[in-house]
Amino acid sequence: MMGLVSGRRRATSTASSRSSGDANQDVVEDDTLVVEPEQGNVLSHIISQLRPGADLSRVVLPTFILEPRSMLERITNFMCHPEMLLPIPEIDDPVQRFVAVVKFYLSGWHIRPPGVKKPLNPVLGEIFTCYWDFPDNTRGYYVSEQTSHHPPKSSYFYMVPGHNIRVDGTLKPRSKFLGNSAASMMEGIAILSLLNRGEDPQRGERYIITQPNMYARGILFGKMKYELGDHSYVRCPELDLVADVEFKTKGWVSGTYNAIGGTIRRESTGEVLYELSGLWSEEMYLRDVKTGHKEMFFNALRAKSSPPIARPIEEQEERESQRIWAATAKAVKERNHELATIEKTKIEDQQREEAAKRVNDGVEWHPRLFRMVRGGPGGSEEGEEDLEWIINATIDGDTPEKQAEQIMAIYPIVKGQRFVEKNPIPPRTPITSPSKEAHPPVLTADHEKLDHEQAAAEKKPVDTASKAHPPLDPSHESTEEIQKLLVTTGTVAKGGPLIDFHEEMAKGLPAIKKVDTDDSHDEFVDAQN
């Protein structure tokens, strides 16, 4: 679904080799990348940067292996088979409902562009929104934001109000170089909530989903090849069910590409109910352990994905995925690698400048559309800590129409929708007064010192002029002497204030210096996810 991806050559179908952005194009491609002659020097440059165990987030990758869209958009592959997802909330049998969730989970992996490609690495604060219109006149909405750059974290929200479906997720890829292979360890989780099920109507019946790791083989010699590997899980604690899906990598001698295996079992007892097998890129099978019956689970060769709809680029803000990467994506599609590199570098340089400015201003960056999860023991979102960030909105309308209004109030999603400054870009200067913003920056010692210095530099004179006293009230029950005493107690002393608190405090404080730490990751480079 994400990361370096490929298409598998097949003569029977081309549907599963289409990306969600190219669903109407018929493409038959090999799943390996043949490096063009003029790209040899670029590849040599990449090789020179690699060391065993190196962090690939610091390695600049050539544009000829880039997919012309952002990771935030790439995540939508997970939602591109609504025919698998929409009926799930209406399945009454809990085991069959769980099996249907596993089927939906496995249905998205075959969607990818031809060749070994990686999506563009989103910039900090990048946003992508889109929607799907379904045959039953319902609609699905998707909102995502890059909530961290080093390490990379992509947070997303998906909801279908008319079908009681909600997904919250955070993708946190951690990349490593492994000799002739590159690995993307896909950390983070997604939580699928069925809002018409479960003991808690506020949270619904929740399914916790992880992802397999991704491997790009042959990056130094031979042909480049993409594989999914290792175990991923679908868990529903409320139903006491778990699916352990193994994405198998091909061995040196035996085995095949794109194979899966796994089980669906009772988590408390370990009782196996079903077995999974097949190829995630072609045909997958489900076997009932009790009866021995085996049936086709999902056929990727015949499946047709449903791509999302995004607002026209001219309606998008500068920080939205399709607009910010428009020039780079156009050059990648035209195979103009020199221009693609130039355009991508412009965005990278802008990121470095913005990071440096935040450091100089002493400003902590905050996402616009997402907030920190309120987890921990007793927290309102206990159990969701691995998400880290969740959409900063309350979706609790009593009808699908009201829920849709609440979703669209987060940020423009549908064509023609006007932007409302509900979630403004976080300010680049320290805030010294209360703000109505959802995420005001936290004031630190640096902020306070800057405020004091600014006030001292302005040298604003203190108004020591005597204020006019209100006239005495003869009818008041107090004496004239007491009234005079009361109205004169607020008079400013002729000698000015007794003490300049800021100035005196500053005398006893050491100078505050800004220093970089080992945790500073403001450098921006595009990297394999």
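Here the structure is a predicted model, which means the values were calculated and not measured.

**Student:** Mind showing me how you'd approach the side chain of histidine 110 here?
**Tutor:** Relative to the helices and strands, histidine 110 is located in the loop between helix 4 (94–106) and strand 3 (118–120). Engagement of the side chain of histidine 110 in a polar contact is seen with the backbone oxygen of serine 107, the distance being 3.3 Å.

**Student:** So what exactly am I meant to see when it comes to helix 6 (residues 326–333) here?
**Tutor:** Helical geometry note: an α-helix holds 3.6 residues per turn, so side chains three or four residues apart project in the same direction. Within helix 6, the full set of buried residues consists of Thr328, Ala329, Ala331 and Val332. In an axial view of helix 6, the angular spread of the buried residues amounts to 165 degrees, which keeps them on one side of the axis. On its buried face, helix 6 is in contact with strand 2 (66–70), strand 3 and helix 7 (337–361). Once helix 6 finishes, arginine 335 follows within two positions and takes phi at roughly 60 degrees, a positive value.

**Student:** Would you take a moment to explain the packing of helix 6 against helix 7 for this structure?
**Tutor:** How two helices pack is summed up by the angle between their axes together with the distance between the axes. Look at helix 6 against helix 7: their axes get within 8 Å of each other, and the N-to-C directions meet at 160 degrees. The pairing of helix 6 with helix 7 is recorded here as roughly antiparallel in orientation. As helix 6 runs across helix 7, the sense of the crossing is left-handed. Along its contact with helix 6, which presents Ala327, Thr328, Ala331 and Val332, the element helix 7 presents Leu339, Ala340, Glu343, Lys344 and Ile347. For the contact of helix 6 with helix 7, the per-class residue count stands at six nonpolar, one polar and two charged.

**Student:** Got a minute to help me understand the packing of aromatic side chains in this structure?
**Tutor:** Where two aromatic rings form a pair, the distance of their centres and the angle of their planes describe that pair. Summed over all chains, the structure comprises nine aromatic pairs. Ring geometry for phenylalanine 78 and tyrosine 105: centres 6.5 Å apart, planes at 70 degrees, overall edge-to-face. Of this pair, phenylalanine 78 sits in the loop between helix 2 (71–74) and helix 3 (82–85) while tyrosine 105 sits in helix 4, and the two are 27 residues apart along the sequence. Here phenylalanine 78 matches tyrosine 105 in class, with each residue buried. Taking the centre distance of 5.9 Å and the plane angle of 85 degrees together, the rings of tyrosine 105 and tryptophan 109 count as edge-to-face. An identical accessibility class is assigned to tyrosine 105 and tryptophan 109; each is buried. Connected via pairs of aromatic rings, a cluster forms that spans Phe78, Phe104, Tyr105, Trp109 and Phe247. Looking at lysine 294, its charged tip hangs above the ring of tyrosine 285, at a distance of 5.1 Å from the centre.

Here is what the cut-offs are and how they apply
- Residues numbered from 1 in each chain as written.
- Predicted model: local features only at pLDDT ≥ 70, side-chain atom pairs only at ≥ 80, totals over all residues.
- Heavy atoms only, no water.
- Helix = DSSP H or I, 4+ residues; strand = E, 2+ residues; numbered from the N terminus.
- Polar contact = N/O pair within 3.5 Å; in protein donor to acceptor, adjacent residues only side chain to side chain.
- Buried < 20%, exposed > 50% of the residue type's maximum accessible area, 1.4 Å probe, protein only.
- Arc of directions from axis to C-beta.
- Contact = heavy atoms within 4.5 Å.
- Axes fitted to C-alpha atoms, helices over the stretch in contact; angles between N-to-C directions.
- Parallel < 35°, antiparallel > 145°, perpendicular 65-115°, else oblique.
- Left-handed = near helix turned anticlockwise from the far one by under 90°.
- Nonpolar A, V, L, I, M, F, W, Y, C, P; charged D, E, K, R; others polar.
- Phe/Tyr/Trp six-rings, centres within 6.5 Å; stacked < 30°, edge-to-face > 60°.
- Lys NZ or Arg CZ within 6 Å of the ring centre and 35° of its normal.

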